[in-house]
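Here is how the chains run, residue by residue.
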Amino acid sequence: MSLVTFGETALRFAPPDGHRFETAREATIRVDGTASSVAVTAGRLGADARWLSKVPDTPLGRRVVAELHEFGLETDVIWADPETGRQGLTFHEDASAPRRARLLQDRTDTAMATVTPGEMPMGAIQNADVVFSSGTTLSLSETARDTTGALLRAAAGTRAFDLDFHPGLWDAEAARDALDDLLPAVDVLFVAEDQASAVFGKAGTPRELVHTLATEYELNRVFLTRSEYGAVAYHDGVVHEQDAMETDAIDESGQHEALVGAVLQQLADGAGTDEALLHGVAAAALARTMSGPMTPLEPDEVTRLAESQQSRRP
């Protein structure tokens, strides 16, 4: 059960809790990327996972790859000349109500914006059981969009994609236009509920949304994540629902990627949609109990929580 993910991973800077960047005297540095976080989760849960990317050969670029290796992730990167592309950065300020958390993006002219299909190991793409990418990669440049489409169309296995829409990178209209071209090459779509409304302009209940997206774009499966309300999935005419699992939340920044990684690991292992959704929501619940956008999940904990939740079903 092999999974290949493709995309940019930024370095995320965050001041201590309760501080703003304009007054903070220190900040933590963590890796922050949808494709790499999904691969880390799937790999820790048993998949043969690999992350593909183009990274600047700079201290910051090497810092990204080194941290991913610390999580046990296999990487296959193209090292770019620093003059042709820089390392992407994000700046995250956490906050408690009534203040809102803020995410500032600094992703202009990054190395991944110049990536071409010829630079990627096509054998790995063609032989993988699942190939995954996300909207952040599409937002970087037209070249990155074309390359993402080429890789997904070359994949022989399941082709998965996360909407992963960030207004700080591009607007909803540009994202929707890009997806109109890309989604015919996608089998499984992941989308956060608020992002579905923003990008696709669809209204309705979660059950209606997954059915509408699957039908309109001829998708095999659609997974709609709903944060503290759980998740909903559509497959083969059936809607599956899973309530969130109660946890003491410390940091919610990595829960969506944990769900995606767990779902893809389960699908690659032959699980059905309902079982994959259950494990995904369990992984998201555990991710909320740890800090940072990338969380070191333990497979036994995910399985135990999923089985516990399943035993409570009527």
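Residue numbering note: each chain is counted from 1, following its sequence as written. Predicted model: local features are reported for residues with pLDDT of at least 70 only, side-chain atom pairs are reported and counted for 80 or more only, and whole-chain, interface and lining totals are derived from all residues. Values shown for side chains rest on all heavy atoms present in the structure; no hydrogens or waters enter the calculation.

Caption draft 1: The arrangement of the pattern of salt bridges in detail. One side-chain nitrogen of Lys or Arg within 4 Å of one carboxyl oxygen of Asp or Glu is enough to make a salt bridge. For the structure on display, the rule yields 15 salt bridges. Of the charged contacts, one joins arginine 20 and glutamate 93 as a salt bridge, the two residues approaching to 2.9 Å between their closest N and O atoms. You can see arginine 20 sitting in the loop between β2 (10-14) and β3 (28-32) and its partner glutamate 93 sitting in strand β6 (residues 89-93), a full 73 residues away along the chain. Glutamate 193 serves as the salt-bridge partner of arginine 226, at 2.9 Å between the closest nitrogen and oxygen. Note that arginine 226 is positioned in the loop between β11 (221-225) and β12 (231-235) and glutamate 193 in helix α7 (residues 193-200), a separation of 33 residues in sequence. Exposure is judged per residue with a 1.4 Å probe applied to protein chains only, and the accessible area is read against the type maximum: over 50% gives exposed, under 20% gives buried, and values in between give partly exposed. The exposure class of arginine 226 is partly exposed, given its relative accessible area of 21%. For glutamate 193, a relative accessible area of 22% puts it in the partly exposed group. Several salt bridges share partner residues, and in doing so they unite Arg20, Glu93 and Arg102 into one network. Secondary structure is summarised from DSSP: a helix means a run of H or I of at least four residues, a strand means a run of E of at least two, and numbering begins at the N terminus for each.

Caption draft 2: Focus on the packing of aromatic side chains. Side-chain rings of Phe, Tyr and Trp, where Trp is taken by its six-membered ring, are said to pair if the distance between their centres is within 6.5 Å; with planes under 30 degrees apart they count as stacked, over 60 as edge-to-face, and otherwise as tilted. As enumerated under the stated definition, the model contains 4 aromatic pairs in all. Here phenylalanine 13 and phenylalanine 91 contribute two aromatic rings whose centre-to-centre distance is 5.5 Å and whose plane-to-plane angle is 20 degrees, an arrangement assigned as stacked. Here phenylalanine 91 lies in strand β6 and phenylalanine 13 lies in strand β2, a separation of 78 residues in the sequence. Assessed through its relative accessible area of 18%, phenylalanine 13 is described here as buried. Of the residues examined, phenylalanine 91 reaches a relative accessible area of 24% and is grouped as partly exposed. An aromatic cluster of three or more residues is present, and its members are Phe13, Phe21 and Phe91.

Caption draft 3: Spatial organisation of the sheet that holds β6. Strands were regarded as paired on the criterion that DSSP finds at least two bridges between them. Read across the sheet, 4 strands follow the order β3-β2-β6-β7 without closing on themselves; strand pairing throughout is mixed. Of all the strands in the sheet, just β3 and β7 (102-106) have a single pairing partner and so form its edges. On average, adjacent strands in this sheet sit at an angle of 25 degrees to one another, irrespective of strand direction. Bridge count for β2 against β3 is 5 bridges, and the pairing is antiparallel. Within β3, the residue paired with phenylalanine 13 across the bridge is isoleucine 29. Whether two residues are in contact is decided by their heavy atoms, any of which lying within 4.5 Å being enough. Angles here are taken between N-to-C directions and fall from 0 to 180 degrees, while the axes themselves are lines fitted to C-alpha atoms, restricted in helices to the stretch in contact. In the packing of helix α2 (residues 59-70) onto the sheet, contacts are made with β2, β3 and β6, and the angle to β3 comes to roughly 75 degrees.

Caption draft 4: Seen up close, empty space enclosed by the protein. Within this scheme a cavity is a closed region of a 1 Å grid, computed over the protein atoms alone, that accommodates a 1.4 Å probe without allowing it to escape, whereas a pocket is open but has protein on both sides within 12 Å along at least five of seven lines; lining residues each have an atom within 4 Å of a point. Grid points are joined across faces, edges and corners, and a volume is the space filled by probe spheres set on the points. By the definition in use, this model includes 1 cavity of 30 Å³ or more. Considered as a void within the structure, the largest cavity measures approximately 60 Å³ in volume. Lining the largest cavity are 14 residues, and of these Glu8, Thr9, Lys54, Val55 and Gln87 sit closest to its centre. Residue classes follow a fixed rule: Ala, Val, Leu, Ile, Met, Phe, Trp, Tyr, Cys and Pro count as nonpolar, while Asp, Glu, Lys and Arg count as charged, and any other residue, Gly among them, counts as polar. Split by residue class, the lining of the largest cavity holds 6 nonpolar, 5 polar and 3 charged.

Caption draft 5: Structural view of the layout of surface pockets. A volume near 1,300 Å³ is recorded for the largest pocket. Along the walls of the largest pocket sit 46 residues, with His166, Gln195, Glu252, Ser253 and His256 positioned nearest its centre. Put simply, the parts of the chain that give the lining of the largest pocket at least two residues each are β6, β7, α7, α9 (255-268) and α10 (273-287). Split into classes, the residues belonging to the lining of the largest pocket amount to 16 nonpolar, 15 polar and 15 charged. As a volume, the second largest pocket reaches approximately 300 Å³. Around the second largest pocket, the lining is made up of 15 residues, and of these Arg12, Ala14, Asp17, Thr28 and Asp251 lie nearest the centre. At the level of secondary structure, the elements contributing two or more residues to the lining of the second largest pocket comprise β2, β3 and β6.

Caption draft 6: Here's a closer look at helix α5 (residues 142-154). Across its 13 residues, α5 extends 18 Å between first and last C-alpha, which sits within 8% of the 18 Å expected from 1.5 Å per residue. Among all positions in α5, only Ala144, Thr147, Thr148, Gly149, Leu151 and Leu152 are buried. To estimate the expected span of a helix, count its residues, drop one, and scale the result by 1.5 Å.

Caption draft 7: The sheet that holds β12, seen in detail. Reading across from one edge, β5-β4-β1-β8-β9-β10-β11-β12-β13 is the order of the 9 strands in this open sheet, with mixed pairing throughout. Among the strands making up the open sheet, the edge pair consists of β5 (74-80) and β13 (238-242). Within the sheet, the average angular offset between the axes of one strand and its neighbour, ignoring direction, is 15 degrees. Where β12 and β13 come together, 5 bridges link them in antiparallel fashion. Residue pairing for β13: alanine 233 is matched across the bridge by histidine 240. Packing against the sheet, helix α8 (residues 206-216) makes contact with β10 (188-192), β11, β12 and β13, and its axis sits at approximately 35 degrees to β12. Against the sheet, α10 touches β11, β12 and β13, its axis set at about 25 degrees to β13.

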